[in-house]
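Below are the chains, spelled out letter by letter.
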Amino acid sequence: MEKKNEINGHAVSGSAERLREERVPKNMQQKLVEFFRRNLLVIMTVSGVLVGVGLGMGVRNMNLTKAQMTYFAFPGEMLLRMLKMIILPLVVCSLVSGAASLDTRSLGKLGGIAVAYFLVTTLIASGIGVTLAFIVKPGVGAGSLNTNSLGLERVSSNKETTDSFLDLARNLFPSNLVAAAFRSYATDYKMVASGNDTNGTTLYQKVPFGKESDGMNILGLVLFAMVFGVALRKLGDEGEELIRFFNAFNEATMVLVSWIMWYIPFGIVFLVGSKIVEMEDVVLLVTSLGKYIFASILGHIIHGGIVLPLIYFGFTRKNPFSFLSGLITPFTTAFATCSSSATLPSMIKCVEENNGVDKRISRFILPIGATVNMDGAAIFQCIAAVFIAQLNDTELNAGQIFTILVTATASSVGAAGIPAGGIITIAIILEAIGLPTNDLSLMLAVDWIVDRTTTVVNVEGDALGAGILHHINQQEIKKQQQQQKEIDEGGDLSEVRVETVANVQAQEETSPLVMHKTKASEAVPEAAESVL
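Being a predicted model, the structure only gives us computed values, none of them experimental. Position numbers for residues count from 1 along each chain, tracking the sequence in the order it is written. Whole-chain, interface and lining totals are the exception, using all residues; otherwise, since this is a predicted model, local features are given only for residues with pLDDT of at least 70 and side-chain atom pairs are given and counted only at 80 or more. Just so you know, side-chain values use all the structure's heavy atoms and leave hydrogens and water out.

## What to know about the overall build of the protein chain
Reasoning step 1: Tallying secondary structure elements over the protein chain gives 25 helices and 2 strands in all.
Reasoning step 2: Across the 532 residues in the protein chain, those meeting the buried criterion constitute 48%.
Reasoning step 3: Under the convention used here, a 1.4 Å probe and the Shrake-Rupley method define accessible areas, while residue burial counts only the protein chains that appear. A total accessible area of about 26000 Å² is found for the protein chain, and carbon and sulfur atoms account for 62% of it. A run of H or I in DSSP becomes a helix once it reaches four residues, and a run of E becomes a strand once it reaches two; helices and strands are each numbered from the N terminus. Only protein chains enter the area calculation, which uses a 1.4 Å probe; residues under 20% of their type maximum are buried, those over 50% are exposed, and those in between are partly exposed.

## Comments concerning the side chain of Thr332
Reasoning step 1: Mapped onto the secondary structure, Thr332 falls in helix α15 (residues 328–337).
Reasoning step 2: Contacts are residue-level and defined by heavy atoms, with any inter-residue pair within 4.5 Å sufficient. Ignoring any residue separated from it by four or fewer positions in sequence, one finds Thr332 in contact with Thr45, Val46, Val49 and Ile268.

## Brief notes about helix α11 (residues 264–278)
Reasoning step 1: Helices are assigned an expected span. That span is 1.5 Å times one less than the residue count. Spanning 15 residues, α11 covers 21 Å between terminal C-alpha atoms, matching the ideal 21 Å at 1.5 Å per step.
Reasoning step 2: Buried residues of α11: Ile264, Pro265, Gly267, Ile268, Val269, Phe270, Leu271, Val272, Gly273, Ser274, Ile276 and Val277, and no others.
Reasoning step 3: Looking at the buried residues of α11, the elements they touch are α4 (40–60), α5 (66–72), α6 (74–100), α10 (240–261) and α15.

## Quick notes on the pairing of strand β1 (residues 183–196)
Reasoning step 1: Strand pairing is assigned whenever DSSP detects at least two bridges linking the two strands. One ladder, built from 12 bridges, connects β1 with strand β2 (residues 202–214); its direction is antiparallel. Within the sheet, the bridge partner assigned to Ser184 lies in β2 and is Ser213.
Reasoning step 2: Once β1 ends, the chain turns through 5 residues before running back antiparallel as β2, passing Gly200 with a positive phi of about 90°.

## Observations concerning unusual backbone geometry
Reasoning step 1: At Arg317, a residue that is not glycine, the phi angle is positive and equals roughly 60°.
Reasoning step 2: When you line up the elements, Arg317 lands in the loop between α13 (290–316) and α14 (320–324).
Reasoning step 3: Judged by its relative accessible area of 58%, Arg317 is exposed.
Reasoning step 4: In the Ramachandran plot, Asp393 falls in the positive-phi region, its phi being about 55° despite a non-glycine side chain.
Reasoning step 5: As for its placement among the helices and strands, Asp393 is situated in the loop between α18 (375–391) and α19 (398–414).
Reasoning step 6: Judged by relative accessible area, Asp393 falls into the exposed class, the value being 70%.

## Some remarks on the nonpolar core
Within soluble globular proteins, side chains that are nonpolar tend to cluster in buried spots.
Reasoning step 1: Among the nonpolar cores identified, the biggest contains 72 residues, and Phe323, Leu327, Met347, Phe364 and Ile365 are the most heavily contacted of them.
Reasoning step 2: Looking at this core element by element, the count peaks at 13 residues for α6.
Reasoning step 3: Sequence-distant contacts of Leu327, that is, excluding residues within four places in its chain, are made with Met347, Cys350, Val351, Asn355 and Ala463.
Reasoning step 4: In terms of nonpolar packing, the next biggest core, distinct from the first, is built from 40 residues, Ala377, Ala378, Ile426 and Val450 among them. Note on terminology: a nonpolar core comprises buried Ala, Val, Leu, Ile, Met, Phe, Trp, Tyr and Cys residues joined through side-chain atoms within 4.5 Å.

## Describing helix α7 (residues 104–136)
Reasoning step 1: The first and last C-alpha atoms of α7 sit 47 Å apart over 33 residues, in line with the 48 Å expected at 1.5 Å per residue.
Reasoning step 2: With its phi angle positive at about 50°, Lys137 sits one or two positions after the end of α7.

## Topic: the pattern of salt bridges
Reasoning step 1: What makes a salt bridge here is a side-chain nitrogen of Lys or Arg within 4 Å of a carboxyl oxygen of Asp or Glu, nothing more. One pass over the structure, following the stated rule, counts 9 salt bridges.
Reasoning step 2: Where Arg170 meets Asp167, a salt bridge forms, and the shortest distance between an N and an O atom there is 2.8 Å. Linking Arg170 with Asp167, this pair stays in helix α8 (residues 161–172), spanning 3 residues, or about one helical turn.
Reasoning step 3: Shared partners join several salt bridges into a network, and the residues in it are Glu251, Glu352, Lys359 and Arg363.

This is the structure in structure tokens:
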């Protein structure tokens, strides 16, 4: 048991009874039963995808009407609704309790490492996307491919790049916190008469104005929850009751998540099956846009299968695939739902229970990662931008390539963690490099294929980031314990020993990452909880 925990980077040690049980030799049947019992949810979830594919192929031949397709997709729709229902309380409560459990210095260091990790991995992902697009050249020779030949609707996007980034800043500070739970700020335009020219013709000017669009403003909620948690911690004893309330709310939400997770295998069957039934002429789309799909999925495999695991190994010197093996359920959920936000509940649960990541780290970092860390989206957005440039026979210069990298990295922060959320972001990149946005509908036509691997890579980056931060935290704790031991052993005078004991609490308060309980506090669980 200890060996397995060491491989996965767990901080959780098994009980003595369990260790004694494991020393008793078991026959093959008992081992199989125990394996299936331990991994029942994972097996059911993966089986749900396979059954969904088979069911979808079977029902596809029945030529269902649009109404019948809607009824067929209903159980899958219920899964998405349940997962989205839990996002708001989970994000707000986990971030408030997480920020309140860290002192200001810890919060700054933890946030700094997380931001650096998110930024570097997204930049690497953007670089992989651009490089692959120039190697595979998905748009070369596809000049005849257009929206009309595939019978696609046009996607209109007339948003200026400047306004897109200003909207990002505005959404960080929502004017109405309640409205932010279901609406976000978006800039629109209207034509206003600005006078006449010399011929008497009326001149019009495009003027931006703000409007509320449907969709949770998760960026604003994340920032508010973090700052509110820090404010509660600053209150000291006065904020203790409210911190305990958010902790209890958070734990109750995780209980709801554990119940929803048992519905996931059933919902995934119909979620995947309905997508296959809804496909129109998939053969034509795949043959026409095959090189674009291939380049995107290859980029996701390289980043998710090589780059991210290497970064994790570089920091922890532990097997990254052993860590990822405990996250099969959230990865399958990500593949089926195409939503980082909808995958967040199961990701938090599996990271804590299967990989032993500290709750205060996972519940602080994962909600932020699900909002701002979009490695998979950055890859396919860069490939899509270069693809459209090649489609229009436009040679990209070094400045435009640099603009694609920077814009994809920055705009992926504001990409909604919902299905097809990254398509709108591609329009920002195209506007930044001066390319037409009328070919965006080609991306939308095959987004349901590419978006699955995109979401898996997005959530994998978040999970490995939490694992790296957990490891760094464990190393800091060991270093502190070693220093404490040296101080205790170094002094012969009793005065030195007394001073050391008096400063234990002070050292905990300025812990580089997360406060941890002393042996004295372990004896009083209620007191230990109140420290958080």
